[in-house]
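# Structural features, examined
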Amino acid sequence: MAAQAREYAEAGWLNIIGGCCGTTPDHIRAMADAVVGCAPRQPALQRRTLRLAGLEPLEIRPETNFVNVGERTNVTGSRAFAKLILNNDFEKAVDIARQQVDNGAQIVDINMDEGMLDSEQAMTRFLNLIAAEPDIAKVPFMIDSSKWSVIEAGLQCVQGKGVVNSISLKDGETEFVRRAQLCRDYGAAVIVMAFDEDGQADTFERRIAICERAYRILTTVVGFPAEDIIFDPTILTVATGIDDHNGYAVDFIRATHWIKQHLPHARVSGGVSNISFSFRGNETVRRAMHTAFLYHAIQAGMDMGIVNAGQIDVYSDIAAELLEHVEDVLLNRRSDATERLLGIAESLKGASSQEASIEAAWRAQDVGARLRHALVKGITEYIDADTMEALDVYPTPLSVIEGPLMDGMNEVGDLFGSGKMFLPQVVKSARVMKKSVAILTPYMEEEKRRSGMEQKPAGTVVLATVKGDVHDIGKNIVGVVLGCNNYKVVDLGVMVPAEKILEAVTTHQADVLGLSGLITPSLDEMVHVARELERTGQNVPLLIGGATTSKTHTAVKIAPTYSGPVVHVLDASRAVPVAGALIGTESRSDFAARTRADYEMVRTEYAKRSDDKEFDTLEAARLRSAAVPTAGAKAPAHPGITTIDPIPLEDLVPYIDWTPFFLSWELRGKYPAILDDPTYGDEARRLYKDARIILDRIVAEKLLTARAVCGLWPAWREGDDILVQTTDNSHERLCMLRQQTKKAASVPQRSLADYVAPKGENDWIGAFVVTAGHGVDELCEQYERDNDDFSSIMVKAIADRLAEAAAEWLHAKVRRELWGYAAHEVLTNDDLVAEQYQGIRPAPGYPACPDHTEKAKLFALLQAEHRTGTHLTESYAMTPASSVSGWYFGHPDAKYFAVGKIGRDQLEDYAERKGFTIEQAERWLAPILGYEPS
């Protein structure tokens, strides 16, 4: 027990230690002796941010998504709610509050301002009723009234920490201060309206002047915490026909941005439905106005809004014409914007009925046309019934496949090949095809048994992620695309050794072999497979793909080892034409000859570039290091190892960088701009919507488990190595590489070791492993059993994003709390994506530290396998695949860089430091060698 106490104390977890029943003075003495010299836990400094609470806490951080304030429990804004309250039907009124929470409201606004009500009594009664409903009372309440007596009645019975809506300067400073002090005494945050003694603010200038004055009074006179101040710069109705009103929306947005820039820690809210009162009765236009207004206001910094949480659309789903007209009004882009929006508004009232007629027209077609339409559009809703109907119409099950299904897939192939359809749509079409074929297969098997005939595929393709590598999203997409084009695909999975690949090529009489890999050791494994194909006399065409592969590596390293055709395939869209060219008897020799000639030119150019490249000697490069003379960051608040298991998935969602997600689906562009891209925008919006549906399910049902471990230890620089102190008498040596390619004399030759101070300067280093991959395989298997490759691939892509988000989330936690050198850091998600923070987190195997084998030391330091369930393969890939690891450097000057090519002198020095033979070092560092190994 004493030893355990020592471990906890050294980890920085304890303030006080003692015993209870069962312990004796000897127990306590032993524990006291064990923790001598250990510092007590230092509580992390809390960031200044708005914290509210019902039965559950709600912390509104800078990175928190927009907070929905449910508006339907407001007698002035909801006729249904007002009718129930006026009829004394409070029980049914409670159901409206519940619906608001179920629809996503994170705060519930409650208003009882009605001339026929005893508002104080109604507020008290309703609050007491919903306080007894845990599924409602879990969220904070917003006490909303224009009468102070009603607000105070609500404050006297509301639990947790709520929000007062509102106070203002319209009754003068003295009353403003009095009410603010009472809100402070009751423990509530406040919404401050942009009113003063002269009335409501209706221009940008008036809005910011009133808000600045109120902020100064609250913070300096009342002593109100700035983080508990929420400004409402007044959302007023636009498109009224009065020219003076045209700037109301854009002025609110401008004022929001100004407040966030000039009034530190304050938040911004507003009543969103006000913006669209001119279009009461036209739900389509109002929803579009609310959605578009929120899109721009949130970008400007709006934190929360009073809005019907169930009546907001996805911005990217608004029809392009409607969005243009709505934004012309909101952003005051045209003098005739109101007239133009009115011009299309009436036609939009019948939009839903028009959509229904289109749906009816499709469903009225013959079954063959319906199947083709479903394939092209990726619609699965009717595929079971339509396939069974087709069995009654077509002569054989095979004729259903060779007829309408293949007609549909051929159209998909043509559209994809011509750039009129994108990869996500193709994968959805494949899902429809697989579901239909799954229904037809038992009938075809029986037919084949009776007739002895068998359907011939376009060709057989064997696919594999090579040994040591676990990443397969790209390979799976290629398999789906090939399957859509009538190829038989044999997917061997991940971590497939060369002998199994060769066996499958022979067993299945493969027409094409495709190899995939993500990590750099996979490149060497692909060379090994090619050599094995040559040794065993194979001639199967070899396709090479994956994130680390390239045309140059394929031409220089792989193609020379194999006499059969070798082709680098950049993306899934190229897989089908390349496979077709290599399988066709007439096209194969011509295509292979052209490829060989092309790759010979690549090899010649590569050799020329390599010959032209000059290197500093290692000794000269070290003389030009970027070594820092002093320690980088202060001592951590929580040294040692910290494990977080699990990480709440909902905490990770705000940290997701969506740009790589779209790239994994071959939609190239930066998020969120890609949603409006003239080429990719429509499909990007659909894909994003599909992703959010699956992501929301994963989060709500906790279908994946995210875990993290990080560590912070004393460290010092010794040459190009970093020594990490693990115990008083032990350390781990991290071997780093240095840039050697010649540069201008003023530019340093960097190594990661430069960012750690020499011994005696009390510097520190950190490490981490995060994973969001536990549960991925099981969830994907569920979708695959349902012939839903689209959702299976989507799960893997989302898990990868969650893993990267976990790395971002954990790094922020380390900077602000565990290490604490940036305790007051406030950054947006865009800032995080742009790496606008102090420190870096380079990963072993990547440009700044390109040796994957150093990952073994990182895992050992953190006991990562035990703490996170993440393992290393023999090639140092992490499994589950959706995992991220790396080092933490806290020095202000630390920056990301690429080591680039290195000379033989550094290779020999590095091998000696690592305890490797020259051959071992050359194998692991092959991609960065600036010379040809002997």
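Small disclaimer: the values here were computed from a predicted structure and weren't measured.

What counts as what
- Throughout this document, residue positions are counted from 1 along each chain, in the order its sequence is written.
- Only residues with pLDDT of 70 or above have their local features reported here, since the model is predicted, and side-chain atom pairs are shown and tallied only from 80 upward, although totals for entire chains, interfaces and linings are computed over all residues.
- Processing note: side-chain calculations cover all non-hydrogen atoms of the structure and skip hydrogens and water entirely.
- Numbering of helices and strands runs from the N terminus; a helix is a DSSP stretch of H or I covering at least four residues, while a strand is a stretch of E covering at least two.
- The quantity called the radius of gyration is restricted to C-alpha atoms. Its globule counterpart is 2.2 Å times the number of residues to the power 0.38.
- Residue burial is assigned from relative accessible area. The probe radius is 1.4 Å, only protein chains are included, and a residue is buried under 20% of its type maximum, exposed over 50%, and partly exposed in between.
- Contacts were defined at the residue level, with two residues in contact if any of their heavy atoms lie within 4.5 Å.
- In this description, accessible areas are obtained by the Shrake-Rupley approach with a 1.4 Å probe, and a residue is regarded as covered only by the protein chains that are shown.
- Charge counting follows a simple rule: Lys and Arg are positive, Asp and Glu are negative, and His as well as the terminal groups are ignored.
- Lysine's charge is taken at NZ, arginine's at CZ, aspartate's at CG and glutamate's at CD.
- Identification of polar contacts relies on pairs of N or O atoms within 3.5 Å, with a donor-acceptor requirement for protein atoms, meaning one able to donate a hydrogen and the other able to accept it, and with residues adjacent in sequence counted only if both atoms are side-chain atoms.
- The pairing test for Phe, Tyr and Trp rings, Trp by its six-membered ring, is centres within 6.5 Å, and the orientation test on the planes gives stacked under 30 degrees, edge-to-face over 60, and tilted for anything in between.
- Note on criteria: charge over ring means Lys NZ or Arg CZ within 6 Å of the ring centre, with the direction from the centre no more than 35 degrees off the ring normal.
- For helices, the axis comes from a line fit to the C-alpha atoms of the stretch in contact; other axes are also lines fit to C-alpha atoms, and the angle between any two N-to-C directions lies between 0 and 180 degrees.
- The scheme is simple: roughly parallel for angles under 35 degrees, roughly antiparallel for over 145, roughly perpendicular for 65 to 115, oblique for anything else.
- In this scheme the handedness of a crossing depends on how the near helix is turned from the far one: anticlockwise by less than a right angle means left-handed, clockwise means right-handed.
- Any residue that is not Ala, Val, Leu, Ile, Met, Phe, Trp, Tyr, Cys, Pro, Asp, Glu, Lys or Arg is counted as polar, Gly included; the first ten are nonpolar and the last four charged.
- We define the nonpolar core as a collection of buried residues of types Ala, Val, Leu, Ile, Met, Phe, Trp, Tyr and Cys that are connected through side-chain atoms lying within 4.5 Å of one another.
- At least two DSSP bridges between two strands are required for those strands to pair.
- pLDDT measures the predictor's confidence residue by residue and takes values from 0 up to 100.
- Only residues whose relative accessible area exceeds 30% and that form no salt bridge enter a patch; like-charged residues are grouped when within 9 Å of one another, and nonpolar side chains (Val, Leu, Ile, Met, Phe, Trp, Tyr) when within 5 Å.
- What counts as a salt bridge is simple: a side-chain nitrogen of Lys or Arg found within 4 Å of a carboxyl oxygen of Asp or Glu.
- Note on disulfides: each one is a pair of cysteine sulfur atoms within 2.5 Å.

### Points about the overall build of the protein chain
Across its full length, the protein chain holds 35 helices and 25 strands. In terms of C-alpha radius of gyration, the protein chain reaches 32 Å, essentially the compact-globule figure of 30 Å for 934 residues. Its C-alpha atoms put the protein chain at 95 × 85 × 65 Å along the principal axes. For the protein chain, buried positions account for 53% of its 934 residues. Of the contacts formed within the protein chain by residues at least 6 apart in sequence, a portion of 74% connects residues at least 24 apart. Per element, the accessible surface of the protein chain, about 40,500 Å² overall, is 50% carbon and sulfur. The average position of the 98 basic charges and that of the 132 acidic charges among the side chains of the protein chain differ by 2 Å.

### Considering the side chain of D386
As for its placement among the helices and strands, D386 is situated in helix α16 (residues 383-393). A polar contact is formed between the side chain of D386 and the side chain of R370, at a distance of 3.3 Å. If near-sequence neighbours (up to four positions away) are discounted, D386 is found in contact with R363, V367, R370 and L371.

### Considerations on the packing of aromatic side chains
Counted under the stated rule, the structure contains 12 aromatic pairs. Ring centres of W658 and F661 lie 5.2 Å apart, and the angle between their planes is 90°; on these two criteria the pair is classed as edge-to-face. Exposure class is identical for W658 and F661. Each is buried. With a centroid separation of 5.4 Å and an interplanar angle of 40°, the aromatic rings of Y671 and Y688 are classed as tilted. Of this pair, Y671 sits in the loop between α27 (659-664) and α28 (681-701) while Y688 sits in helix α28; the two residues are 17 residues apart in sequence, bridging distant segments of the chain. Taken together, the ring pairs in this structure connect W658, F661, F662, Y671 and Y688 into an aromatic cluster. Above the plane of the ring of Y837 lies R815, whose end atom (NZ or CZ) is 4.1 Å from the centre.

### Let's talk about the packing of helix α3 (residues 79-86) against helix α4 (residues 90-102)
Packed helix pairs are specified by the crossing angle of their axes together with the interaxial distance, meaning the distance between the axes. Packing of α3 against α4 brings their axes to within 8 Å, and their N-to-C directions diverge by 155°. By the angle class used here, α3 and α4 are roughly antiparallel. Viewed along their axes, α3 and α4 form a crossing whose handedness is left-handed. Together, A80, F81, L84 and I85 of α3 and F90, K92, A93 and I96 of α4 make up the contact between the two elements. Across the contact of α3 with α4, the residue classes tally to 7 nonpolar, no polar and 1 charged.

### Considering the nonpolar core
L542, F661, F662 and L810 are the most contacted members of the largest nonpolar core, which has 134 residues in total. With 17 residues, the single largest contributor to this core is helix α30 (residues 789-818). The contacts of L810, once residues within four sequence positions are left out, are I644, A708, V709, C710, F768, V770 and Y888. Core analysis: the next-biggest nonpolar cluster, separate from the first, contains 95 residues, A82, F90, V190 and L263 among them.

### Structural notes on the pairing of strand β19 (residues 705-718)
Within β19, 10 of the 14 residues are buried, leaving the element largely enclosed by the surrounding structure. Relative to strand β22 (residues 763-774), β19 is paired through 10 bridges, and the arrangement is antiparallel. Counted as the bridge partner of W713 is I765 from β22. Inspection of the sheet shows β19 paired to strand β20 (residues 721-727) by 4 bridges, in the antiparallel sense. Paired with R717 across the strands is I722, a residue of β20. In textbook terms, the turn of a hairpin is the stretch between consecutive antiparallel strands, and for β19 and β20 this stretch comprises 2 residues, one of which, G719, has a positive phi near 65°.

### With respect to the sheet that holds strand β16 (residues 542-545)
In spatial order, the strands read β14-β13-β15-β16-β17; together these 5 strands make up an open sheet with parallel pairing. Looking along the sheet, the strands with just one partner apiece sit at the ends: β14 (487-491) and β17 (566-568). This sheet shows a mean twist of 20° between the axes of neighbouring strands, independent of strand direction.

### Regarding the confidence of the model for the protein chain
Mean pLDDT over the protein chain: 88, with 94% of residues reaching 70 or higher. Across residues 351-358, where pLDDT falls below 50, the model places 1 contact with residues more than four positions away in sequence or in other chains.

### Some details on unusual backbone geometry
Between D645 and P646 the backbone carries a cis peptide bond, its omega angle lying at 0°. Mapped onto the elements, P646 comes out in strand β18 (residues 640-647). The backbone phi angle of A239 is positive, close to 60°, even though this residue is not glycine. Considering the arrangement of structural elements, one finds A239 in the loop between β10 (229-232) and α10 (248-262). Assessed through its relative accessible area of 8%, A239 is described here as buried.

### Brief notes about a negative patch on the surface
The grouping of D202, D243, D244 and E339 at the surface amounts to a negative patch. Locating D244 in the fold gives a position in the loop between β10 and α10.

### Overview of the sheet that holds strand β6 (residues 163-167)
Pairing in this open sheet of 8 strands is parallel, and the strands run β11-β10-β7-β6-β5-β4-β3-β12 from one edge to the other. Strand pairing shows two members of the sheet lacking a second neighbour, β11 (267-268) and β12 (304-306), which therefore form its edges. Pairing of strand β4 (residues 107-111) with strand β5 (residues 141-144) involves 4 bridges; the strand directions are parallel. Among the inter-strand pairings, V108 is bridged to a residue of β5, identified as F141.

### Some words on the state of the cysteines
Applying the stated criterion across every chain, the model contains 0 disulfides. C183 forms no disulfide, and the closest cysteine sulfur to it belongs to C157, at a distance of 14 Å. Of the residues examined, C183 reaches a relative accessible area of 0% and is grouped as buried. Free of any disulfide, C735 has its nearest cysteine sulfur in C849, 12 Å distant.

### A closer look at helix α15 (residues 367-377)
Among the 11 residues that make up α15, 8 are buried, leaving the element largely enclosed by the rest of the structure. Those residues of α15 lying buried are V367, G368, A369, R370, L371, A374, L375 and V376. Its side-chain oxygen at 3.0 Å from the backbone nitrogen of G368, D366 defines the N-terminal cap of α15. Phi for G378, located one or two positions after α15, is positive at around 70°.

### A look at the pairing of strand β15 (residues 512-516)
Of all the 5 residues making up β15, 5 are buried; the element is thus mostly covered by neighbouring parts of the structure. Here β15 shows two buried faces, one formed by V512, G514 and S516 and the other by L513 and L515. Where strand β13 (residues 459-465) meets β15, 5 bridges bridge the pair, whose relative direction is parallel. When the sheet's bridge partners are listed, L463 is paired in β15 with G514.

### With respect to the pattern of salt bridges
Applying the stated criterion across every chain yields a total of 59 salt bridges. A salt bridge links D789 to K434; the shortest N-O distance between them is 2.7 Å. You can see D789 sitting in helix α30 and its partner K434 sitting in helix α18 (residues 423-451), a full 355 residues away along the chain. For K434, a relative accessible area of 33% translates into the label partly exposed. Each of R622, E718, D720, D721, R733, R738, D754, D909 and R913 takes part in salt bridges that share partners, so that together they form one network.

### Observations regarding the environment of F916
Looking at where F916 falls in the secondary structure, it is placed in the loop between α34 (904-914) and α35 (918-924). With 345 residues separating them along the chain, F916 and D571 place their C-alpha atoms 36 Å apart. Ignoring any residue separated from it by four or fewer positions in sequence, one finds F916 in contact with T853, A911, A921 and W924.

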